[in-house]
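Chain and residue survey
The primary structure of each chain is shown beneath.
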Amino acid sequence: MHEYAFLIILFPLLGFLFNGLLGRFIKSEKLVGAIGSAAVGLSFLVGAGIFIELLGYDPEARSFMVPIFDWISTGSFHVQIAYQVDPLSLLMVLIVTGVGFLIHVYSIGYMHGDRGFWRFFTYLNLFIFAMLNLVLADNFLLMFLGWEGVGLCSYLLIGFWYDKKFPGVSITWTGDAGNKAFIVNRIGDFGFMLAMFLIFKEFGSLHFNTVFDAAQNYTPGYEPIFWITLLLFVGATGKSAQIPLFVWLPDAMAGPTPVSALIHAATMVTAGVYMVARCSVLFALSPDTMIIIAVIGALTAIVAASIGLVQNDIKKVLAYSTVSQLGYMFMAMGVGAFAVGIFHVMTHAFFKACLFLGSGSVIHAMHEEQDIRHMGGLKRVMPITYWTFLISSFAIAGFPPLSGFFSKDEILWRSFADGSLLLWLIGATAALFTAFYMFRMVSLTFEGKPRWGPDKHPHESPSTMTIPLIILAGLAAVGGFVGMPAFITEHNPFESWLAPVLDPAARILALPAHHETGLEIGLMLISVVVAIVGWYMGRTIYTRRFDIADRFVQSYRWLYSLLLNKYYVDEAYHTAIVDPVVKGSEKFLWLTFDVGVIDGIVNGSAKMTRALADVLKRIQTGVVQNYAAIIFFGILCILGLLFLG
Amino acid sequence: MNNVLSDLSATAPITATVIVSLLLVVVHSFTREFKTGLYWMTLGGILIGIYLGVVTFHHTGYAFNNMLMIGGFASLMDIFFLSAAGFTILLSRPYLERTGGHYGEYYPMILFATIGMMTLATATDLIMTFVGLEVMSVTLYVLAGWTRKVKESNEAALKYFLLGAFATGFLLYGIALIYGASGTTNLVGISENMEALKGNVIFIAGCGLLLIGLAFKVAAVPFHLWVPDVYDGSPTSVSAFMSTGAKGAAFAALALIFSVKFQFMDSQVNIVIALLAVISMVLGNVVAIAQTSIKRMLAYSSIAHAGYMLIGMVAGTEIGVSAILFYIVAYMLTNLGAFGVVSIFEKENRKNLEIEDYAGLARRRPVLAALMAVFMFSLAGIPPLAGFFGKYYLFLAAVESGYTWLAIVGVAASLVSVYYYLRVVVVMYFHDQSSEELVLLPASSMVSLGLSAAGIFLFGVLPSLLINTFRNLF
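All values reported here derive from a predicted model rather than from experimental measurement.

Here's the deal with the overall build of chain B
Helix and strand content of chain B: 21 helices and 2 strands. Against the 2.2 N^0.38 benchmark of 23 Å for 474 residues, chain B shows a C-alpha radius of gyration of 21 Å, consistent with a compact globule. With the C-alpha coordinates aligned to their principal axes, the bounding extent of chain B is approximately 70 × 55 × 40 Å. Looking at the 474 residues of chain B, the share that counts as buried comes to 62%.

Topic: the overall build of chain A
Looking only at helices and strands, one finds 26 helices and 4 strands in chain A. A compact globule built from 645 residues would reach a C-alpha radius of gyration of about 26 Å, and chain A, at 28 Å, matches this within 12%. Each principal axis of the C-alpha atoms in chain A carries an extent, and together these give about 105 × 60 × 50 Å. Every one of the 645 residues in chain A was classed for burial, and the buried ones make up 52%.

So, the confidence of the model for chain B
Confidence along chain B averages 92 in pLDDT terms, with 99% of residues attaining 70 or more. Our summary of model confidence lists the complex with pTM equal to 0.74 and ipTM equal to 0.90.

Structural notes on the interface of chain A and chain B
The interface of chain A with chain B comprises 26 residues on the first partner and 28 residues on the second. Contributions of two or more residues to the side of chain A that touches chain B are made by β1 (64-74), α25 (569-616) and α26 (624-644) of chain A. By residue class, the composition of the side of chain A that touches chain B is 14 nonpolar, 8 polar and 4 charged.

So, unusual backbone geometry
Omega for the bond connecting Val221(B) with Pro222(B) falls within 30 degrees of zero, at 5 degrees, which places this linkage in the cis form. Mapped onto the secondary structure, Pro222(B) falls in the loop between α10 (201-218) and α11 (226-233). In this structure, the amide linkage connecting Pro383(B) to the following residue, Pro384(B), adopts the cis form with an omega of 5 degrees. Among the secondary structure elements, Pro384(B) is positioned in the loop between α17 (366-380) and α18 (386-400). In this model, Glu368(A) sits at a positive phi of 70 degrees, which is unusual for a non-glycine residue. Of note, Glu368(A) is situated in the loop between α15 (338-365) and α16 (378-381). In this structure Glu368(A) comes out as exposed when scored by C-beta crowding, with 7 C-beta atoms within 10 Å. One non-glycine residue with positive phi stands out, namely Phe64(B), at about 50 degrees. Examined against the element boundaries, Phe64(B) turns out to sit in the loop between β1 (61-63) and β2 (68-70). The exposure class of Phe64(B) is partly exposed, given the 17 C-beta atoms found within 10 Å.

Quick word on the nonpolar core
If you look at the biggest cluster of nonpolar residues, it comprises 209 residues, and the most contacted ones within it are Ala353(A) and Ala476(A). Among the elements that line this core, the one with the most residues is α15(A), at 17 residues. Residues in contact with Ala476(A), not counting those within four places in the same chain, are Phe350(A), Phe351(A), Cys354(A), Ile391(A), Ser392(A), Ala395(A), Leu402(A) and Ser403(A). Formed by 201 residues, the second largest nonpolar core is a distinct cluster that contains Leu91(B), Ala215(B), Val230(B) and Ala413(B).

Quick word on the pairing of strand β2 (residues 77-85) of chain A
Residues and elements named next belong to chain A. Across 9 bridges, the pairing between β1 and β2 is antiparallel. By the bridge assignment, Phe-69 is partnered in β2 with Ile-81. Remark: 2 residues form the turn of the hairpin made by β1 and β2, two consecutive strands paired antiparallel; Gly-75 in that turn has positive phi of roughly 55 degrees.

A look at the domain arrangement of chain A
Looking at the assigned domains, one finds that chain A contains domain 1 (139-564) and domain 2 (570-644). Between the C-alpha centres of domain 1 of chain A and domain 2 of chain A the distance comes to 52 Å.

Some remarks on helix α10 (residues 257-266) of chain A
Residues and elements named next belong to chain A. For α10, the tally of buried residues reaches 10 of 10 residues, placing the bulk of the element in the interior. Within the sequence span of α10, burial applies to Thr-257, Pro-258, Val-259, Ser-260, Ala-261, Leu-262, Ile-263, His-264, Ala-265 and Ala-266. The elements touched by buried residues of α10 are α3 (87-110), α4 (117-136), α5 (140-158), α9 (248-251), α14 (314-334) and α15.

Observations concerning the environment of Phe73(B)
All names here are of chain B. Among the secondary structure elements, Phe-73 is positioned in helix α4 (residues 73-99). By C-beta crowding, Phe-73 is classed as buried, having 23 other C-beta atoms within 10 Å. C-alpha of Phe-73 to C-alpha of His-58: the two residues are 15 residues apart in sequence and 9.9 Å apart in space.

Side note on the pairing of strand β3 (residues 165-168) of chain A
Residues and elements named next belong to chain A. Here 2 bridges tie β3 to strand β4 (residues 171-173), and the two strands are oriented antiparallel to one another. Residue pairing for β4: Lys-165 is matched across the bridge by Trp-173. Between β3 and the antiparallel strand that follows it, β4, lie 2 residues; Ser-170 among them carries a positive phi value of about 50 degrees.

Description of α4(A)
In this model, α4(A) (20 residues) spans 29 Å end to end at C-alpha, consistent with the 28 Å of a helix rising 1.5 Å per residue. In terms of burial, α4(A) is largely enclosed, as 19 of its 20 residues are buried.

Some thoughts on the packing of α10(B) against helix α13 (residues 268-289) of chain B
Residue and element names in this part refer to chain B. One can describe the packing of α10 onto α13 by two numbers: an axis separation of 11 Å at closest approach and a directional angle of 20 degrees. As judged from the angle between their axes, α10 and α13 are roughly parallel. The chirality of how α10 crosses α13 is right-handed. From α10, Ile-204, Cys-207, Gly-208, Leu-211 and Ala-215 reach across to α13, where they touch Gln-268, Val-269, Val-272 and Leu-276. For the contact of α10 with α13, a count of residues per class yields 7 nonpolar, 2 polar and no charged.

A short note on the environment of Ile89(B)
Residues and elements named next belong to chain B. Mapped onto the elements, Ile-89 comes out in helix α4. Placed 58 residues apart in sequence, Ile-89 and Thr-147 show a C-alpha to C-alpha distance of 16 Å. Ile-89 has contacts with Tyr-39, Thr-42, Leu-43, Tyr-107 and Ile-110, leaving out every residue within four places of it along the chain.

Some remarks on the packing of α3(A) against α10(A)
Residues and elements named next belong to chain A. α10 packs onto α3 with a crossing angle of 165 degrees between their chain directions and a minimal axis gap of 9 Å. As summarised for this structure, α3 and α10 are arranged roughly antiparallel, according to the angle between their axes. Between α3 and α10 the crossing geometry is left-handed. Mapping the contact onto sequence places Val-99, Gly-100, Ile-103, Tyr-106, Ser-107 and Tyr-110 in α3 and Thr-257, Pro-258, Ala-261, Leu-262 and Ala-266 in α10. Taken together, the residues of the contact of α3 with α10 sort by class into 8 nonpolar, 3 polar and no charged.

Comments concerning the environment of Asp70(A)
For Asp70(A), the position within the fold is in strand β1. A sequence separation of 12 residues divides Asp70(A) from Ala82(A), and the C-alpha atoms of the two residues are 8.3 Å apart. The contact partners of Asp70(A), leaving out residues within four places of it in the chain, are Gln80(A) and Ser464(B).

Analysis parameters
- Residues numbered from 1 in each chain as written.
- Chains lettered and ligands numbered in written order.
- Predicted model: local features only at pLDDT ≥ 70, side-chain atom pairs only at ≥ 80, totals over all residues.
- Helix = DSSP H or I, 4+ residues; strand = E, 2+ residues; numbered from the N terminus.
- Rg over C-alpha atoms; globule rule 2.2 N^0.38 Å.
- Buried ≥ 20, exposed ≤ 12 C-beta atoms within 10 Å, placed from the backbone.
- pLDDT = per-residue confidence, 0-100.
- Contact = placed C-beta atoms within 7 Å.
- Nonpolar A, V, L, I, M, F, W, Y, C, P; charged D, E, K, R; others polar.
- Core = buried A, V, L, I, M, F, W, Y, C linked by C-beta atoms within 7 Å.
- Pairing = 2+ DSSP bridges.
- Domains from an automatic or database assignment.
- Expected span 1.5 Å × (residues − 1).
- Axes fitted to C-alpha atoms, helices over the stretch in contact; angles between N-to-C directions.
- Parallel < 35°, antiparallel > 145°, perpendicular 65-115°, else oblique.
- Left-handed = near helix turned anticlockwise from the far one by under 90°.

The structure is reproduced here in C-alpha cells:
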C-alpha cells in the first residue's frame, strides 16, 4: 500500500484546485464543504491503510521512499520531490489528516452562510497539502517548501475576514495580525534557511537520510552542528511560537475559530517540534543546543501559562495555553525525550482542537461574543459543547487517566530524570497554572448564572459541529493509552513505534534506559495533586468566591496588569525594533539611500545604455555593401586573432 | 540495395519528410485550390515525422557511410525542427490568408527548409553539413520574399541571399581547407586524427572559416547585419521559423562539430567564440533598447540570444552542449510564441508592427496579452519559465568550465534585456489603448501559442525532463 503514499498528498491538492478554480461558481455550500472534507478524509484513509501495512513489518523495515520526480539537479546539488514514509511521518500524517478531517467537517457548520465559504475550504485544503509536504518530505528543501506553504496559508486564514477589525498592539485589522504572523515567522524562516545552507556546506546534501547517516559518525559538541541545530531551532521558535518569537500566535486568533484549531493549535505550530524530532540525530550531537531548547521550552511554558491566568478572551486563553503546551513539547525535546514530545503533540492535537472547536461553538452561540466575563451558565443550553469542553479541560489539566495526563506527566518525569530539578519545578508550576486557567475559563463560561444580555439567545450548535467535538473529546479521553508508561505496560507502545526513527539519537545521547520506577510513580502522584489543586482553586474562585480574585487584583495590581498586558513584550518589541526599523526605512533607506543613491545609479546607467544604443544602431545603415564590408572586416579580425593572438 | 534501405529507415524522420514534401508538390500541381488539404497533409506528415523520431531514438549510430547521425541526438533534433515546422504551419495559415500570401507552395517549402535543418544538425560529414545548410538557406531566401507584393519582403530576400552567398563562400573555403589538412571531410575520421591536427595551421584556418560561416547563420555579431532587415521584412511567420529553426539547426551543427567531434578546448578558437559571445550579447541587447518596431526588437533580441548560446560553445563538452540543446528548445518555444503573437496582431500592409501599437492590448484581448507577457518573461529569463533554466544552465556551464567572467557578462547583458522585454508588457498592460479595434484570434494560431506557453511552463518547472536526456546523449 505504501507505493500509493503519493495519494495522501494528491487528494488535498485536487481538493484545493477544485474548490479554488470552481468553488466560486458552485452555489451549494454542501458540495464545496463535502469535497474539501472528502479530500482530507481520503488522505486519512490512505494513511491508515499504510499504517496497518507497516504494523505487519519488522520495526526496522518500516521506512519507505516514494520518489516523485527530480526537482532541482544542478552541479553537485540534487533535490528530489520525494516522500519518506516512516513511523514518525506517518504518525504526523494521521494526526494532520485525522484531526484535519474533523475540523473540515466542523467548518461546514461553522462557516455556514459566509460569503467566503469556498475560499475558506480552498485555503484549508491548501494548508493540508502544504502540511503533508512538510511532514512527508524526505529532504530539507521540500520540508521548507511545506514550511513556507503552511506559513502562507496561516497568513491567508488569519486575515480571512479581511474587513474585520481586530484590536491589538499596533494592530487594527485582521490583516495586520496576518502580517504580524507572517513577518515574525520570516525571522524564524531565515534561521531555517541559514541552517540549510550550513547543512549543505557540511554534508553536501539536503537529503535527510544522507545527512543523518553521515552525522552519526560525528562526535558530540562539533561546532558546525551546534550552529546548524541552533539555527534550525530559531526556525522552530518562529513556527512553533516559542520565546522570543511567540508574539504572533495570540494575535493569530483573528482568524476563524476552525483555523485556530487546525493551524494554530493542532498541526502547524507543532511543525517545529516535528522538525526537531526529525533531526533528532543532529540535535543529539549538540548538547549546548539541547540545553537552550530545554530552557526556552520551560520558560515559554511558564510565561505563557502565567499570561493565560488573567486573559478574558476565550480564544486568547486558549492561545496562550497553546504556546505554553508547545513549551512543554520543546522541554521534552531539550532533555532528549523526543518520543515523549511527539506524544504530547498528538494528545495536544486532540484536546486543544476540541477546546478550540468548543470555544468556536460557544462564540457561535453567543453571536461573536468572545469575552468570558459576559458568558456564564452556558452548560444548560449547550450540553454537548459543555461536556466535550470539560473532558478536554481535564485532559489538558492532566487528570488521570485522560490523554494529557500521560503525555504531560512523562514530560515532567523526564525533565526531572534527564534534566534537572529546576526544569521540573518550572514545568510543575506551569501545570498548576494550566489547571487553574482552564477551570477559571470553564467556570466563567459554563457554570454560574448567565451574564449575557437579553439580546442573546444561545443554543446548541448543529450536528456537523457537535459530532467532531464528541469524537475529539473521545480521543482526548482515551488517546493517552497508547503511550502508557513502561511500568504499567510491558513496553510503551508509542515509543516502540517511533523507536526506529529516534533510536540513532538515543544511542548518541546514551541516556540511562531505565529510571527508577519509584521516582516515576512519586512524581506522578505530585502532578496529580498539582492538577487537583489547580482545578479546585479555579473552580472555587470563579464559581463562588469571586472576592478572592478581586482581592488578589487589588493587592497585586502591578502583577495583574503585567500579566494582563502580556509582560509588555509587544510594546517592547514595537519600541525597540519595529519603530526604529520603520522610521529608519522611511527617513534614511527610502528618501536618502534609495531615491538618491540607488535610483541615481540605475537611472544613470539606463541613460548611458540608451545613449550607447542610439550610437550603435547607426551601424545598421540598410545598405548591403556596408554590411558586406563589416562582415569582411570581422572575418579579418577573427583570422588575425586565430593566428596572431 | 539492402544497405540503402536500412539507411533510409534509420533516418526515417528525414525520409518521411522528404516523401511528404514531394507528395505535396505533386498534389498541389494537380489541384490548385486544395490548400486546406495541403495544410492538413503537412501537419500529418510532421506528426508522422515526430513519431518516427521517437521510434528511432534508441538506435544510435551512423548512416550513409558515416555521413549522418541516427538515433539519440539526431532523433531529438528531428523532433525539434519538425515541431518548430508544425508550430510555424499553425501560425502561417491564418497569417498568410490575411496578408495575401497563401500559395500552396508554401507548405512544401517549409518542409524543404525543415529537411535542410535536420540534415544540417545531424550531418557528420562536412559535405552533408554544406548540403543541409544550403537546402535550408535557399528555401529560406525564397520564403523571405514570399509576400512578393510587399517591397520590404523583396528587399529582405535579396539582402539575405546576397549576404548568405557571401558567407557560404567562406564556409565552403573553410571546408576545403579542413579537407586539405586532414584528407577527409568526415567528422568521425577527422576526430580520430585530432591530436595530429591541433597544431596544423591550415586546419585551424579551416575551422575559423567554418565557424564564421555558421556564425552568420546563428546571427552572431559582426555577422548579424542581415538579421534586423530580414526578420523585419519577411512575412512574420517566416521570421518566426528563421529565428528558431534555422538558428537552432546552425547551433546544433556548431555544437556537434566543434564541441562533440573536434573538442576544441583551451584553444584560440575558444577565445574567438567567447569574443563573439560577448559582442553579440552586448550589441544585441543594447541596440534592442533603441528599437520601436517589435519585429526589429525581436531581431536584436535574437542576436543577443545567439550570444548566450555561444557561451555554451565556449564551455564545450557535455555540460555546455546539453545547455545549448536545452536553450534551443526553450528559445524555439518562446520565440515561436512571441512572433506568433506578432503575426496575429499584425494587419495588412505592415500595420500594427510598432511596440506602441500594443498599448492597452491587455484590456481588449486579455488572453493574447497574457500569452505575450509569458513569452516576454521567458525571453527575459524569469522563473518559473523555460527561458530561465535555459540561461541558468548556460551560465552554470560557463562557471563550471572556468569562464566565470563570461557568465557575469551574460547576466549583466540579460539584465539590460529585461528593460525592452518588460516594456512590451508595460505597454500592453499600463498604457491607454490607442484603438478599440479587436484583432481576430484564429484558432490554429491560438493552438500554436497555447502549446508554446504550455511547453514553456512545463520545462520551466521540470527542466530535468530534458536536461537529463541531453546530458546522457554523448
